[in-house]
Each structure stands twice: as C-alpha cells, then as structure tokens.
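Report on the structure
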Amino acid sequence: MPYLAKILLYPVKSLDGVEVESARVLDSGALEHDREFAIFDEQGRFVNGKRHAKIHLLRAFYTSLVVTSQSTLLNKTISLEIPGNNSQKVFHLHEEQQALEATLSDFFGFGVTLKQNSLMGFPDDTDSPGPTVISTATLAQVASWFPGLSVDEMRRRIRANIEIDGVPAFWEDRLFREQGDLVSFRVGDVDFLGVKPCQRCIVPTRDSYLGEAYPNFQKTFTNHRQATLPEWVTSSRFNHFYRLSINTELPASSAGKILQIGTKVEILA
C-alpha cells in the first residue's frame, strides 16, 4: 500500500533540509516553512545552487520544528557550519538577520540579503507551488545508475518534499497526464493535483556536500531515464528525459490540513 514515508522542508532555499513527521498546508498550497526564506544578490537574483556551486559547502541546521493543528512552529534560528570555521554560528532569522547577511556576504564574496515569503515561500515553479513528490524506490533506482552514490545522497540532490514508499520505482509518474489534465490524489485527508514531471537543473549533477560535479551525470541520467520509462507513462510530457519527481498543486480545500508520516496515499478516480 502506498504511504507517506518522509516529509522534508527546506526553510532557506538551496540550503540543507530538515525531516519532519508532519507539515501544515498553506492557503497557497505550499507547505508551511518550505523555502520560506531565500538568499538574494545585489541584483535581486537568487543565490542558489544553480548559480553558485559554493553554496553546497554550507551546512545548515534547524531546531524546534513542531506542527500543531493551527501552525508549524519553527524556532526561527539557523545554525551554520562554514568552511574554515571550527564551530557553528547560530543566527535568529529575524533578530540577527543583518549579522547573518554579513556572514553570508563574506562567504560568497559579494553582498547578499535574506528575504522571507511566509505565504508561498520561494518555489521554482510558482504556478505549481505544492510539495514535490517522489518515491523511495525511484531514488534507489536512480542512485543505482551512479556508482558510489547512496540513496540518501540522491535524496539530497533531488530535494523533493514528500516521499512515497510501498510502491515500485517511478510509481509517481502515474501522477500526471496530458498537459492541462490534472491527476487527483490524496495523502491522508490532504487532496493533491499532480501537474507534471519536474525539470531538473544543474544541482543534481553535483555532490551535495562539496559541489563537485559527477562526470557525465546528466547524459547518464537521461539515457537511463528514457530506457526505464514505464510503458504507461504519458510520454508527451517528456520533451527531454532530464525530469524526475512530480510538481503539484493543492486545492483550496486542503489549506490548513496536516500531512502526517505513515498515512495512506491513493490516486482518485
């Protein structure tokens, strides 16, 4: 039986995530505190893994993430491990924002600012800001294409929000159809709409801790993805095969509901 095995939130876009047992759905359909903060350069562009491989060297830790029926309570502190420093630096994301920005500016070598969007966060796909979905079996299958890469390392590279277990590899490819035809599915009592397979960027090609590129990652991925694409998949959604995990939207009826680890996942007729 398909069930929700993992929930991962990324409080600061492009930094490390945190695994939680439950998460609340916002009115926008995003998960509360996922990509709530993001780092920007002086031109207003994201400072992320797509543009700056150096960001992989930062380690981020969060504490006191507790979900209630009303909200997800996040102690707004971040602990950073910065290369060349012997200890973690702890910052309150509001009260010590300037100090955090100064530390990050020194690390990157240019001025940065930290911005917050508590309504939707800063998703890559603003048209489909719901949680991204993948299966545990898919992560294991894809990791097997790359000698030396573990399932956890692939998980860190793909950075999906929710992980489904109890299903075979690429089960999540059932969650999209032709363009404009959304797939309804339910996780516990939270309704979802599957939209499309997620187009991947340069980030999965790099070591999630060091930023070093894996040789021929995208070519290897694309060849295997095409070769293993299930027969029943809506292949018209693959103008290329560098796609993995599913982008979603959540209907208004899901706002305020809680996703909970261990709950059943079902595709609705």
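Going by the structure above, here's the rest.
Residues numbered from 1 in each chain as written. Predicted model: local features only at pLDDT ≥ 70, side-chain atom pairs only at ≥ 80, totals over all residues. Heavy atoms only, no water.

The subject of this paragraph is the nonpolar core. With 47 residues, the main nonpolar core has Ile7, Leu15, Ile78, Leu80 and Leu259 as its most contacted residues. Discounting residues that sit within four places of it in the chain, Ile78 has contacts with Val12, Leu15, Ala60, Phe61, Tyr62, Lys89, Val90, Phe91, Leu93 and Leu100. Judged by nonpolar contacts, the second largest core, of 15 residues, contains Val142, Met154, Ile158 and Ala160. (Core = buried A, V, L, I, M, F, W, Y, C linked by side-chain atoms within 4.5 Å. Buried < 20%, exposed > 50% of the residue type's maximum accessible area, 1.4 Å probe, protein only. Contact = heavy atoms within 4.5 Å.)

Time to look at the sheet that holds strand β5 (residues 59-61). Read from one edge of the open sheet, 3 strands run β5-β8-β9, paired in antiparallel fashion. Only two strands of the sheet have a single partner each, and these edge strands are β5 and β9 (89-92). Neighbour to neighbour, the strand axes of the sheet diverge by 25° on average, direction disregarded. Sheet topology note: the strand β8 (residues 77-81)/β9 ladder contains 4 bridges and is antiparallel. Within the sheet, the bridge partner assigned to Thr77 lies in β9 and is His92. (Pairing = 2+ DSSP bridges. Helix = DSSP H or I, 4+ residues; strand = E, 2+ residues; numbered from the N terminus. Axes fitted to C-alpha atoms, helices over the stretch in contact; angles between N-to-C directions.)

This part takes up the layout of surface pockets. Approximately 1,000 Å³ is the volume found for the largest pocket. What lines the largest pocket is a set of 50 residues, and nearest its centre among them are Arg35, Asp124, Ile158, Arg159 and Arg200. When residues of the lining of the largest pocket are traced back to their parent elements, those giving at least two are β1 (3-9), β2 (18-20), α3 (151-158), β14 (190-199) and β15 (243-249). For the lining of the largest pocket, the leading source of residues is α3, giving 5 residues. By residue class, the composition of the lining of the largest pocket is 19 nonpolar, 13 polar and 18 charged. (1 Å grid on protein atoms, 1.4 Å probe; cavity = no way out; pocket = protein on both sides within 12 Å on 5 of 7 lines; lining within 4 Å. Points joined across faces, edges and corners; volume = space filled by probe spheres on them. Nonpolar A, V, L, I, M, F, W, Y, C, P; charged D, E, K, R; others polar.)

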